[in-house]
Amino acid sequence: MPPTGGSLARRRSRVRTAVTALTATVAATIGLVSLAGTANAANTLGAAAASSGRYFGAAVAANHLGESQYAATFDTEFNAVTPENEMKWDATERSRGSFSFGAADQIVSNAQAHGMKIRGHTLVWHNQLPGWVSNLSASDLQSAMDNHITQVMTHFKGKIYAWDVVNEAFADGGSGQHRSSPFQDKLGNGFIEHAFRTAHSVDSNAKLCYNDYNIENWTDAKTQGVYNMVKDFKSRGVPIDCVGFQSHFGSSGPPSSFQTTLSNFAALGVDVQLTELDIAQAPATAYTNTVKACLSVARCTGITVWGVTDKYSWRSGDNPLLFDGSYNKKAAYTAVLNALNAGGVTTPPTTPSTSPPTTPPTTPPTTPPTSGPLCTASYAVTNSWAGGYQVDVTVKSTGTAALSAWTVSWSQPTGQTISQMWNAVQGTSGALTTAHNTSYNGSVAPGATTSFGYLVDTGQTPPSALQLSCTFT
Ligand code: XIL
């Protein structure tokens, strides 16, 4: 989907503002704690990053893949890809319920043919959002968002390394709060958490990331706002796996606190990634400092530059990438390659992050599942406000065979009418309320989960617990 001139101009002017706000000082030295092997220096960015277990990717546009120099440079140098625009809402669901994946599929199959990791970008974002989404009522917007996440993630299921589930939800400036957007304004603060829970129910194998710009400088209010959100999510078990730092830098490169920011986020128990790196005029030192900041943090799993060549950069006036407009390697390319080849800190995944429980569960199940399809359902209130509340129900397949269909039933408290249900079809069975799987989430492998949700907006407080029973076929 070609961007409109207006939207590009808006994005560019935003970057200019971001860039002037950056500090001019760059850390002179960033020490590496340990080095990976350097005996055989690799001669491509992807291979050099792989020497310390990381990836080095580029954003690509499907409509350039037919250009031989573009494709050759990309295929040779990089081992990961992010579709620059092709997975965004305006490209995948321009009109409601009608999905198109052609351009994204092209990028995905090219990446698969070359064994590259794929970052999915992006599911919920206020930009490049078709007009129809902004015009919906709150409950309709909730189901449109859930359906969008579900359909897009289902289409690419098993192929995506990490999804930018929510992009750029925090405000610029000193507030540290969420920005105004159709999602924020109609669904409230809980929309980010809800998006992650929905994404987790669709594909629990993909890493689920929050992605933003101008969160690289540790003391900035925006950085702190995102950090506090991630800390809260981790403490409450909201499924978030990673944070993407866009890293659109001015010519002085990253702020001197960048490595501190990355390690502080990583200490919360998430991976961190540099997701859209580009630096005005591409100074070699600025690129080196950026790459070293990532390599110095064990959970910094990879770096993506936002384009292959200056010729097609969204900041083309800035010449911010590693290859010039004629695909020549710039000095920054060599600097990055050398930094990657010097290796970085890695942690072998040997020790589990949590110690095993010391006490056995007190009540063993009376009838342990032995064979066939079986399921359980659990209930969690994910959001509540003066006018109602929102529930997520997790359906777990607990038998030895996959579920092919499921129905959850419960007694809905009198007067607490469900106004909206997503990822399940509502019904009744006698006095009970039922939720039956949709066409896309009935099959659940043994041990796996799926989830659905509903809204009650008649003003009551949610019941603290609800007895749910799950039946299967
Ligand atoms: C940019 C693309 O590079 C442009 O082609 C498009 O016109 C606008 O979007 N933050 C993001 C990216 O998360 O999706 C944006 O990509 C750049 C800023």
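Our structure's up above, just so we're on the same page.
My aim in this report is to walk through the structure given alongside it, one point at a time.

**A few points about the packing of aromatic side chains**
Taken as a whole and assessed by the stated rule, the structure comprises 23 aromatic pairs. Ring pairs connect the aromatic residues W218, Y227, F245, F249, F258 and F265, which therefore count as one cluster. Its end group placed over the ring of Y161, K117 keeps NZ or CZ at 5.0 Å from the ring centre. Looking at K222, its charged tip hangs above the ring of Y213, at a distance of 3.5 Å from the centre.

**Focus: the state of the cysteines**
Under the defined criterion, the tally for this structure stands at 3 disulfides. Two residues, C209 and C242, share a disulfide whose sulfurs are 2.1 Å apart. Measuring the twist about the S-S bond at about -85°, one finds the C209-C242 disulfide to be left-handed. Linking C209 in strand β5 (residues 207-212) with C242 in strand β6 (residues 242-245), this pair joins segments that are 33 residues apart in sequence. The pair formed by C209 and C242 is uniform in burial state, with each residue classed as buried. Put simply, C375 and C470 are joined by a disulfide, and their sulfur atoms are 2.0 Å apart. Here the S-S torsion is close to -105°, and the disulfide linking C375 with C470 is therefore left-handed. Residue C375 is found in strand β10 (residues 375-385), and its partner C470 is found in strand β17 (residues 469-472); the two are separated by 95 residues along the sequence.

**Looking at the sheet that holds strand β16 (residues 449-456)**
An order of β10-β11-β16-β13 is seen for the 4 strands of this open sheet, with the pairing classed as antiparallel. Both edges of this open sheet fall to β10 and β13 (418-422), since each of them pairs with a single strand only. Going from strand to strand, the sheet's axes swing by 20° on average, the running direction of each strand aside. In terms of strand pairing, strand β11 (residues 388-397) meets β16 through 8 bridges, oriented antiparallel. Bridging from a neighbouring strand, K396 pairs with T449 of β16. In this fold helix α7 (residues 138-155) packs onto β11, β13 and β16, with an angle of close to 15° to the strand it touches most, β13. Helix α9 (residues 191-202) rests against β10, β11, β13 and β16 of the sheet, and its axis sits at about 145° to β16.

Cut-offs used in this document
Every chain's residues receive numbers from 1 upward, in the order its sequence appears when written. Local features are withheld for residues below a pLDDT of 70 in this predicted model, meaning they are given only at 70 or higher, and side-chain atom pairs are given and counted only at 80 or more; totals for whole chains, interfaces and linings count all residues. Calculation of side-chain values draws on the structure's entire complement of heavy atoms; hydrogens and water are dropped beforehand. Aromatic pairing here means that ring centres of Phe, Tyr or Trp (its six-membered ring) are within 6.5 Å. Orientation follows from the plane angle: under 30 degrees is stacked, over 60 is edge-to-face, and everything else is tilted. Note on criteria: charge over ring means Lys NZ or Arg CZ within 6 Å of the ring centre, with the direction from the centre no more than 35 degrees off the ring normal. Two cysteine sulfur atoms make up a disulfide if the distance between them is within 2.5 Å. Under the DSSP-based scheme used, a helix requires at least four consecutive residues in state H or I and a strand at least two consecutive residues in state E, with every element numbered from the N terminus. Residue burial is assigned from relative accessible area. The probe radius is 1.4 Å, only protein chains are included, and a residue is buried under 20% of its type maximum, exposed over 50%, and partly exposed in between. What makes two strands pair is DSSP finding at least two bridges between them. Note on geometry: axes are C-alpha line fits, over the in-contact stretch for helices, and angles between N-to-C directions span 0 to 180 degrees. Working rule for contacts: check all heavy atoms of both residues, and any pair within 4.5 Å makes them a contact.

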